[in-house]
Amino acid sequence: MAYQDITAQVQCANIVEQYTEVLGEQLQQQTTALEQETLIRQWLEQELHHNQLRLQRFAETVPGVMYSLRVNPDRSIACEYVNERVETFFEATHREIRQHPEHYFLDQIRPCDRWGLLMGAARSATRQTVFAYEWQSITPSGQVRWLKTRAQAELRENGAVCWHGILLDVSDRKQAELDFREQAAQSAAVLQSIPDLIMRVDRDGYYLNRIRSNPAIDILPHDLDIQGHHLADYLPPTVAEQQLTMIRQALATGEIQVAEQVLAIHGKHQYEEVRTVPCGPQDALLIVRDIHDRHVAERARQGLEAKHRRIIMALPDLMFRVSRAGYWLGYVHTNAVIDYLPDDYDPSGHHITDHMPPAIAQQQLQKIEQAIVTGQMQVFEQTLTLEQRVQHEEVRIVPQGPDEVLFIVRDITNRKTAELALKKSEAENRAILAAIPDLMVRLHRDGTYLGYFRTENAVDLLADVSDIVGRNIFEFAHNDFHREHVEAHMQAVRQVLDGGEMAIFEQKIPTESGWQYEEVRIVSTGEDEVLLIVQNISDRKQTQLALQQSEAQKQAILTAIPDLMFHLRADGLILDYMETSDFADLLDNSGCRIGQNLLDFGVTDALARHFQKEMQAMRQALATGQMQIYEQETHIGDITQQEEVRVVPVTEDEVLVMIRDISDRKRIEAELRSANERLAKLSLTDSLTMLANRRRLDAYLEQEWQRSYRRQEPLSFILFDLDFFKRFNDTYGHQRGDECLYEVAQAVSTVVHRSSDLVARYGGEEFAIVLSNTDLKGAFTMAQRICKTIRALNIPHCSSEVEQIVTASLGVSAMVPTSEQRPNALIRQADQALYAAKQAGRDNCQCFISR
């Protein structure tokens, strides 16, 4: 037998076996690590895709332009990224802007702003700080916009600088700033024009600042910084305490406090009005106004009122105010001898029957009513027996408003006695006592003065002549005016003497203060002599002229008002009727309406209903004292008129009815409602595809979610978009892209035709469909039909990696809503299914199935 030493071989075999095991383990570890790296890379690719989608959606929702501009070392500019919104900023297509960014980002900048932008960008790149700048951009159409950018510079290794930023349109804000500056300038001008002194103080009385100075009334030095000084440092203690109390009261109540104060400045008293206005929780404005002139005027007014009271007390007449119902409202005790009420007695609130005989009280009540209804003064006489003495009185009742009159009672006992005596005396005494003249002249036929009587209040052309009797009137005709004046008088004298009747005429004579109007009465007192009674009627003429002017203004106002107005009594009697030519009136053919009853015109059922409604509104207005407003429709021939009726109480039993034609307003209101409805519909519709927009989709999904939750029914959601649609836009242009979206939207609308389903544009080339009471199987079937319908359109798409026509990828989700979930869970699932459809090669439908 032969033996061979194989120890070395065995050892080598053991070493090989050990190395084989080690290499196997390492190979297994490397294989496992490679698999993990592959999974991580797939996960990162998915996350990158999701981030790209989120970035794209974020860029679409940003209100400005997101961009990345690269400035190369040779100073050429390249656009690495810009979102779609850039087209509205520069009036060009997305492709044109990306190809020539320098033309749109730089050339449209106003020349005076371009240098500042370039310098600011250079400093920002050098210092590595955020670059922010505003400028004016002028588009090719001439539109001027204010733009603002905020960007961060990135320095590349090749020396290029890439700016990543956002561009915003701030034109509205800049315009608001300009408007604010203009308003601030106007406010400052108004503030400077106010003569008041305005200061701001805090709750404790310390000055904060002086807002408006007025050296004329400011006791503080003009150049003094008053901040931190107290009121008591410059004002007397009582005045400072008063202002401090007003400040705290204004801050506590939130209301303006007003008071007056007196300060001694330069040896004289200065009267001021102080208004304290709260302008914050702890500070207020002190507005000081010089009221010295007003104070002087007030003192003068008080003195004038005292003088008037003394005059009234000196009048021989008795005066008092009475209501329409006969109750005393005010009583002035004068020194009239006919005042039979005690001096310390105030009859206000008592009825006139409490102190007057029944017959006289009844007569006065009738005259009060007559004065208010006619608006004219009532004059009558009455006779009273007081302490066995017969007293004759003349009573004048003057209307003072719709339910108030003024009584003026004069004792005419002496005049009555004189009148009885005058019946037995000669004609001269009778004429003199009956006329109460200002100036009386006895004149012969040939013009000789036989007597001359003037009163102290008369304005007389012969005031400077003392010896007149016996001289001839023609001696005083010094100029043409006097000669004409004398000739007119003598002609009237001859007519009176020849005809025997009194002559009355008016004349106008010059005075130092102007013209005086006079009434001349010529009465025959003998065969060849007359009595001239000249009375000053200037006040009466001025009153007449003022009344005529007031009436003319009233008529002009009434003519200009387009409303129909009439004055109505509680029983329906028409007291006044003011019509306008621009109003279609139901009573146009009724002749005179004043004095007739409104209900008498209700000859048809329609008219009767109108007038009954007006009477009902009138009763409501009189009962509540509040104006009643309602609307009505009238038919006058072929005219249909919308009217607004206002019934306003005037007195206790009278109203004013105003009817206005509001047909145009009603028509405009109807048009406005229709426009608002159209606007509301447009606000929920996508203007390109005519589908529901995102706002409508969110609201409808929330509505169907709640309904499905209540009924526990399945709710489905389909989310799809067009494959490689960005390439479609780049190839065929955005105009053709919009047309493609519209065609797809209309085609999908023909497939989803239930009234309870909704097709909406989700955003860009994405669409969404809400299917109520539909499970996942039914929704998937619907998605397949939509996918086939879009393919059947055969819209060419040469840039697609799927086919040469437009296709779509669809994601489907469905669930029965629960109280723990929200509708966005349905959208999130559909979005994940859509991503799965794209991962599966696009042009297909995928369902979300929870695991």
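About the criteria used
- Residues numbered from 1 in each chain as written.
- Predicted model: local features only at pLDDT ≥ 70, side-chain atom pairs only at ≥ 80, totals over all residues.
- Heavy atoms only, no water.
- Helix = DSSP H or I, 4+ residues; strand = E, 2+ residues; numbered from the N terminus.
- Buried < 20%, exposed > 50% of the residue type's maximum accessible area, 1.4 Å probe, protein only.
- Contact = heavy atoms within 4.5 Å.
- Areas by Shrake-Rupley, 256 points an atom, 1.4 Å probe, with all protein chains shown as cover.
- Pairing = 2+ DSSP bridges.
- Axes fitted to C-alpha atoms, helices over the stretch in contact; angles between N-to-C directions.
- Parallel < 35°, antiparallel > 145°, perpendicular 65-115°, else oblique.
- Nonpolar A, V, L, I, M, F, W, Y, C, P; charged D, E, K, R; others polar.
- Left-handed = near helix turned anticlockwise from the far one by under 90°.
- Phe/Tyr/Trp six-rings, centres within 6.5 Å; stacked < 30°, edge-to-face > 60°.
- Lys NZ or Arg CZ within 6 Å of the ring centre and 35° of its normal.
- 1 Å grid on protein atoms, 1.4 Å probe; cavity = no way out; pocket = protein on both sides within 12 Å on 5 of 7 lines; lining within 4 Å.
- Points joined across faces, edges and corners; volume = space filled by probe spheres on them.
- Core = buried A, V, L, I, M, F, W, Y, C linked by side-chain atoms within 4.5 Å.
- Salt bridge = Lys/Arg side-chain N within 4 Å of Asp/Glu carboxyl O.
- Polar contact = N/O pair within 3.5 Å; in protein donor to acceptor, adjacent residues only side chain to side chain.
- pLDDT = per-residue confidence, 0-100.
- Disulfide = S-S within 2.5 Å.

Q: Teacher, can you tell me more about the overall build of the chain here?
A: Of the regular secondary structure elements, the chain holds 20 helices and 30 strands. Per-residue burial for the chain yields a buried fraction of 36% across its 851 residues. Sequence separation of at least 24 residues holds for 47% of the intrachain contacts in the chain that already meet a minimum separation of 6. Roughly 50,200 Å² of accessible area belongs to the chain as shown, and the carbon and sulfur atoms make up 52% of that amount.

Q: Quick question: what am I supposed to make of the pairing of strand β15 (residues 404-411) here?
A: Successive residues of a regular strand alternate their side chains across the two faces of the sheet. Across six bridges, the pairing between strand β11 (residues 318-323) and β15 is antiparallel. From the neighbouring strand, Arg 321 faces β15, where its bridge partner is Leu 406. Examined bridge by bridge, strand β14 (residues 389-401) and β15 share eight bridges and lie antiparallel to one another. Opposite Gly 401, over in β15, you have Glu 404 as the bridge partner. With antiparallel pairing between neighbouring strands as the criterion, β14 and β15 make up a hairpin whose turn holds two residues.

Q: What is the right way to read the packing of helix α16 (residues 694-711) against helix α20 (residues 823-839) from this model?
A: Each packed pair of helices is defined by two parameters, the angle between the axes and the distance between the axes. Running from N to C, α16 and α20 point in directions that differ by 110°, and their axes come no closer than 9 Å. Between α16 and α20, the interaxial angle falls into the category roughly perpendicular. Residues Leu 701, Glu 702 and Trp 705 of α16 touch α20, and the partners they reach there are Pro 823, Leu 826 and Ile 827. By residue class, the composition of the contact of α16 with α20 is five nonpolar, no polar and one charged.

Q: For this particular structure, what's the right way to read the packing of helix α18 (residues 734-751) against helix α19 (residues 776-792)?
A: As a packed pair, α18 and α19 sit with axes 10 Å apart at the nearest point and diverge in direction by 140°. By the angle class used here, α18 and α19 are oblique. Crossing geometry of α18 relative to α19 is assigned as right-handed. From α18, Val 744, Ala 747, Val 748 and Val 751 reach across to α19, where they touch Met 782, Arg 785, Ile 786, Thr 789 and Ile 790. For the contact of α18 with α19, the per-class residue count stands at seven nonpolar, one polar and one charged.

Q: Which parts of the structure should I look at to understand the packing of aromatic side chains?
A: The geometry of an aromatic ring pair is captured by two quantities: the separation of the ring centres and the angle between the planes. Counted under the stated rule, the structure contains seven aromatic pairs. For the pair Phe 131 and Tyr 133, a centre-to-centre distance of 6.3 Å together with 10° between the ring planes defines the contact as stacked. With 6.0 Å between their ring centres and 75° between their planes, Phe 320 and Trp 328 make a pair best called edge-to-face. Residue Phe 320 is classed as buried on the basis of its relative accessible area, which comes to 7%. Among the aromatic residues, those joined into a cluster by ring pairs are Phe 131, Tyr 133 and Trp 163. When the ring centre of Tyr 762 is taken as reference, the NZ or CZ atom of Arg 694 above it lies at 4.0 Å. Seen from the ring of Phe 724, Arg 842 lies directly overhead, with NZ or CZ sitting 4.2 Å from the centre.

Q: Looking at this structure, how should I read the layout of surface pockets?
A: The gaps left among the atoms become clear once a water-sized probe is rolled over them. Approximately 670 Å³ is the volume found for the second largest pocket. As for the second largest pocket, its lining consists of 25 residues, and the residues nearest its centre are Val 71, Ile 77, Leu 118, Ala 121 and Trp 163. Put simply, the parts of the chain that give the lining of the second largest pocket at least two residues each are β1 (65-71), α5 (111-127), β3 (131-138), β4 (144-155) and β5 (161-169). When residues of the lining of the second largest pocket are assigned to their parent elements, the largest contribution, six residues, is made by α5. For the lining of the second largest pocket, the class distribution of residues is 20 nonpolar, four polar and one charged.

Q: Explain the nonpolar core to me, please; I cannot follow it from the model alone.
A: In summary, soluble globular proteins display a tendency toward joint burial of nonpolar side chains. Grouped together as the largest cluster of nonpolar side chains are 29 residues, with contacts concentrated most on Phe 720 and Ile 786. Taken together, the elements giving at least two residues each to this core come down to β26 (715-722), α17 (725-732), α18, β28 (766-772), α19 and β29 (808-815). Leu 69, Phe 90, Tyr 104 and Trp 163 belong to the second-largest nonpolar core, a separate cluster that totals 24 residues.

Q: Where do I start with the side chain of Lys 838 in this structure?
A: Relative to the helices and strands, Lys 838 is located in helix α20. In this structure Lys 838 comes out as buried when scored by relative accessible area, which is 15%.

Q: Please clarify how the pattern of salt bridges should be interpreted in this entry.
A: Working definition: two side chains of opposite charge can pair if their charged atoms are close together. Scanning the model with the defined rule gives 31 salt bridges in all. Of the charged contacts in the structure, one is a salt bridge between Arg 396 and Glu 394, with a shortest N-O distance of 3.0 Å. Its relative accessible area of 31% is what places Arg 396 among the partly exposed residues. Across the pair Asp 498 and Arg 445 runs a salt bridge whose closest N-O atoms are separated by 3.4 Å. Within this pair, whereas Asp 498 is found in helix α12 (residues 480-499), its partner Arg 445 is found in the loop between β16 (439-444) and β17 (449-454), the two being separated by 53 residues in sequence. One connected set of salt bridges, linked through shared partners, spans Arg 70, Glu 80, Glu 154 and Arg 156.

Q: Hey, could you run me through the side chain of Ser 809 in this one?
A: Examined against the element boundaries, Ser 809 turns out to sit in strand β29. With a relative accessible area of 0%, Ser 809 lands in the buried category. Among the polar contacts listed, one links the side chain of Ser 809 to the backbone nitrogen of Asp 843, at a separation of 3.3 Å. What Ser 809 contacts, discounting residues up to four positions off in sequence, is Leu 719, Phe 720, Asp 721, Asp 723, Leu 834, Ala 837, Lys 838, Arg 842, Asp 843 and Asn 844.

Q: Just checking my understanding: could you explain the confidence of the model for the chain for this structure?
A: Interpretation of the predicted coordinates at a detailed level should be avoided for regions scoring low in pLDDT. Summarising the model, the chain shows a mean pLDDT of 79, and 79% of its residues fall at 70 or more. A low-confidence stretch, residues 429-435 stays under pLDDT 50, and its non-local contacts, those more than four residues away or across chains, total 11 contacts.

Q: Could you clarify how one ought to interpret the state of the cysteines in this entry?
A: Working definition: the covalent bond between the sulfur atoms of two cysteines is a disulfide. Considering all chains together, one arrives at zero disulfides under this definition. Summary of cysteine pairing: Cys 787 is not part of a disulfide, and the nearest cysteine sulfur, belonging to Cys 845, is at 4.7 Å. By relative accessible area, which is 7% here, Cys 787 ends up buried.

Q: Would you explain the sheet that holds β3 in this entry?
A: Think of a sheet as strands paired side by side through backbone hydrogen bonds, with each pair either parallel or antiparallel. With antiparallel pairing, the five strands of this open sheet are ordered in space as β2-β1-β5-β4-β3. Strand pairing shows two members of the sheet lacking a second neighbour, β2 (77-82) and β3, which therefore form its edges. Here the strands of the sheet are splayed against their neighbours by 30° on average, with no regard to which way each runs. The sheet contact formed by β4 and β5 spans nine bridges and is antiparallel. Across the sheet, the residue bridging to Thr 149 is Leu 167, located in β5.

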